[in-house]
Amino acid sequence: TSNDSNKEFKYTKNKSIDKDFDARSYYNLNLYGIYSDYKIVRCNDDKISIRVEITTKSNREKDAEEMLNNINIEINDSKKSETIEAKTVIKNKKMYNINFQIEYYISIPKNMFLTIDNSYGKIKIDKLNKGIVLDLKYGELTIDSLLSNNNIIDISYSDAKIKYVNWINGELKYSDIRINDGNNIDLNMKYCNAKFGDVKKLTATCEYSEVNCNNID
């Protein structure tokens, strides 16, 4: 995503990247993004599929083409460390009157561990059987379910919605969070608005924050 998202432009340029990896569930997937949107789903295969669609728009064709060339996706597969890494690299972020979108569509084995560090973008995740370490700034987070007991989040200036979490520990600043149901929630919050549904155990350390919980067992 980028500025001028509601503006119409004369020229549009596109490119896409497709990568497939054989990866066991014990592999780790590390994602490092900026101005990037992620949609992550589970699959029953021992494979990771990464598709990235990049679109640039401008009233000058040369600028749209130049911005497209400025955006690169670095994808590395390290069998030694059993880690696959995908990183958004933007060479020049100061081009004006340009709209661009970077959209990741990722399919992972259902028991894979995720690390995500993203700024200025949206993250949408299906159910995760294994854990996640997530750092999000100036973005939106939507998660169906976090089923493991190893989920750590660090969220700033963002909006987060999670349907169910088994266990989560995290830091939030200047953010809104909604968790419908949870087993064990432990959060430090500053200048936040938090809403919880049915929770078994809730530990919240708050500064200048509002917390609402429907039910604690």
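Shown above is the structure to which this text applies.
Residues numbered from 1 in each chain as written. Predicted model: local features only at pLDDT ≥ 70, side-chain atom pairs only at ≥ 80, totals over all residues. Heavy atoms only, no water.

Regarding the pairing of strand 15 (residues 193–207)
In this sheet, strand 15 lies alongside strand 14 (residues 176–190) in parallel orientation, the contact comprising 13 bridges. Bridged to Asn184 within strand 15 is Lys201. As defined by bridge partners, strand 15 adjoins strand 16 (residues 210–216) across six bridges and the pair is classed as parallel. Note that in strand 16 the partner of Lys195 across the bridge is Asn212. (Pairing = 2+ DSSP bridges. Helix = DSSP H or I, 4+ residues; strand = E, 2+ residues; numbered from the N terminus.)

Quick look at a nonpolar patch on the surface
Taken together, the side chains of Tyr120, Tyr138, Tyr157, Tyr174, Tyr191 and Tyr208 define a hydrophobic patch exposed on the protein surface, amounting to about 690 Å² of accessible area. As for its placement among the helices and strands, Tyr191 is situated in the loop between strand 14 and strand 15. Among the residues examined, Tyr191 registers a relative accessible area of 40% and is labelled partly exposed. (Patch = residues over 30% accessible without salt bridge, like charges linked within 9 Å, V, L, I, M, F, W, Y side chains within 5 Å. Areas by Shrake-Rupley, 256 points an atom, 1.4 Å probe, with all protein chains shown as cover. Salt bridge = Lys/Arg side-chain N within 4 Å of Asp/Glu carboxyl O. Buried < 20%, exposed > 50% of the residue type's maximum accessible area, 1.4 Å probe, protein only.)

Focus on the environment of Gly197
Its place among the elements puts Gly197 in strand 15. Along the backbone, Gly197 and Ile98 are 99 residues apart, and their C-alpha atoms lie at a distance of 41 Å. Sequence-distant contacts of Gly197, that is, excluding residues within four places in its chain, are made with Ile179, Asn180, Cys213, Asn214 and Asn215. (Contact = heavy atoms within 4.5 Å.)

A word on the packing of aromatic side chains
For the structure shown, the criterion picks out eight aromatic pairs. Taking 5.0 Å as the distance between ring centres and 15 degrees as the angle between the ring planes, the aromatic pair formed by Tyr35 and Tyr120 counts as stacked. With Tyr35 in the loop between strand 2 (28–34) and strand 3 (37–43) and Tyr120 in the loop between strand 8 (113–119) and strand 9 (122–125), the pair connects residues that are 85 residues apart, well separated along the chain. Given the relative accessible area of 21%, Tyr35 is considered partly exposed. (Phe/Tyr/Trp six-rings, centres within 6.5 Å; stacked < 30°, edge-to-face > 60°.)

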